[in-house]
Amino acid sequence: MMKSEWIEEFIILLRVEAGLTENTLSAYRTDLKQFYEYLEKKNKLDKEVQRRDLLQYFLYLKEWRDLSLRSVARHTVTIRNFFNFLYREDKIQLNPAEDLESPRIEKPLPTFLTDDEMEKLLKLPDNRDIFGMRDKAMLELLYATGMRVSEIINIRIIDLDLNEGYVRVKGKGEKERIVPIGSEALEAVKIYLQKGRRELKPENNEDKLFLNKSGKVLTRQGFWKILKRYARMSGKSDITPHTLRHTFATHLLSNGADLRSVQELLGHSDISTTQIYTHTDTSRLISVHRQYHPRA
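This report concerns the structure included in the present document. Since the structure is predicted, the reported quantities are computational estimates derived from the model, not experimental observations.

**So, the packing of aromatic side chains**
Ring pairs (aromatic) are described by centroid distance and by the angle formed between their planes.
Thinking step 1. Per the counting criterion, the structure on display carries 11 aromatic pairs.
Thinking step 2. Judged by centre distance (5.4 Å) and plane angle (40°), the ring pair of phenylalanine 10 and phenylalanine 85 falls under tilted. A residue pair is termed long-range when its members are at least 10 positions apart, and phenylalanine 10 in helix α1 (residues 4–18) and phenylalanine 85 in helix α4 (residues 69–88) qualify at 75 residues.
Thinking step 3. Under the relative-accessibility criterion, phenylalanine 85 is labelled buried at 4%.

As structure tokens, this is what we get:
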């Protein structure tokens, strides 16, 4: 059995107890209304919903509605949560969605730059200009450390140890890690600090390393705009901040770094998150083999 008013009761519960945004609540409502309409067309609104009904619906979404696995997975989560709610509220006697698993979604392999492409990108900022000094230091530091954008824009000057050559990074969950800085990134940061940053006239004793033209801390959006400009100049307009993070990890593994060390440098809590880069490296080796082996 399925009643339309149950959908609104569920949405109210999510709004009050889970504090979800209106956009998220709207998505839940849309998914459930589509499921309601499906049952209505199948003349099953007044019948007990079985597990096979759910599986047939997901197959319908995939085969007939041509939805992606990611979209089907979202519908699965919505319906599972909905039926869990109905069962807890004693509106149904059996829960057809109990232990219902979402379809497995393969993560796309991360994109990365080759050595030559990365070298080309790093040479683009003009070190004779204060903004060029800043941009050179940012790009070099990102490639040298694999930091996330949120991490690099929050780096403070006191987080740097230029003598020992490392930076203290505060990552997700406020977890700190120490990441070495390569010699070229170190040199770029020193030049920016000595000749560029002071010219930006830091506002209110701003202690963040990277500043915008107003002397305020650089925002995520500001960094994106800067990177996009250099990406277009390099001829690789699809470069994103994460591309540089992926490139950092891929180049380390390609040159013999062990997976556990790369995990620590990236700040991944689970090594399975880091393992995707081993697939990237395998793909690169296959590509090289096909290109250069005479019998490939």
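**Some words on the sheet that holds strand β1 (residues 160–161)**
Thinking step 1. Read across the open sheet, the three strands follow the order β1-β2-β3; overall the sheet is antiparallel. Strands with a single pairing partner mark the edges of an open sheet, and in this sheet they are β1 and β3 (176–180).
Thinking step 2. Bridging between strand β2 (residues 166–170) and β3 involves five bridges; their strand directions are antiparallel. What sits directly across from valine 169, in β3, is arginine 177.

**A look at the environment of asparagine 163**
Thinking step 1. Assignment of secondary structure puts asparagine 163 in the loop between β1 and β2.
Thinking step 2. Remark: the alpha-carbon pair of asparagine 163 and leucine 186, spanning 23 residues in sequence, is separated by 9.5 Å.

**Let's talk about helix α6 (residues 130–145)**
Thinking step 1. The end-to-end C-alpha distance of α6 is 22 Å, a good match for the 22 Å that 16 residues give at a rise of 1.5 Å each.
Thinking step 2. Burial analysis of α6 places 12 of its 16 residues in the buried class, which makes it a mostly covered element.
Thinking step 3. The residue sitting at the N-terminus of α6 and contributing the capping side-chain oxygen is aspartate 129; that oxygen lies 2.9 Å from the backbone nitrogen of phenylalanine 131.
Thinking step 4. Among the residues trailing α6, glycine 146 stands out with phi positive, at a value near 70°.

Rules and cut-offs
Residues numbered from 1 in each chain as written. Predicted model: local features only at pLDDT ≥ 70, side-chain atom pairs only at ≥ 80, totals over all residues. Heavy atoms only, no water. Phe/Tyr/Trp six-rings, centres within 6.5 Å; stacked < 30°, edge-to-face > 60°. Helix = DSSP H or I, 4+ residues; strand = E, 2+ residues; numbered from the N terminus. Buried < 20%, exposed > 50% of the residue type's maximum accessible area, 1.4 Å probe, protein only. Pairing = 2+ DSSP bridges. Expected span 1.5 Å × (residues − 1). Polar contact = N/O pair within 3.5 Å; in protein donor to acceptor, adjacent residues only side chain to side chain.

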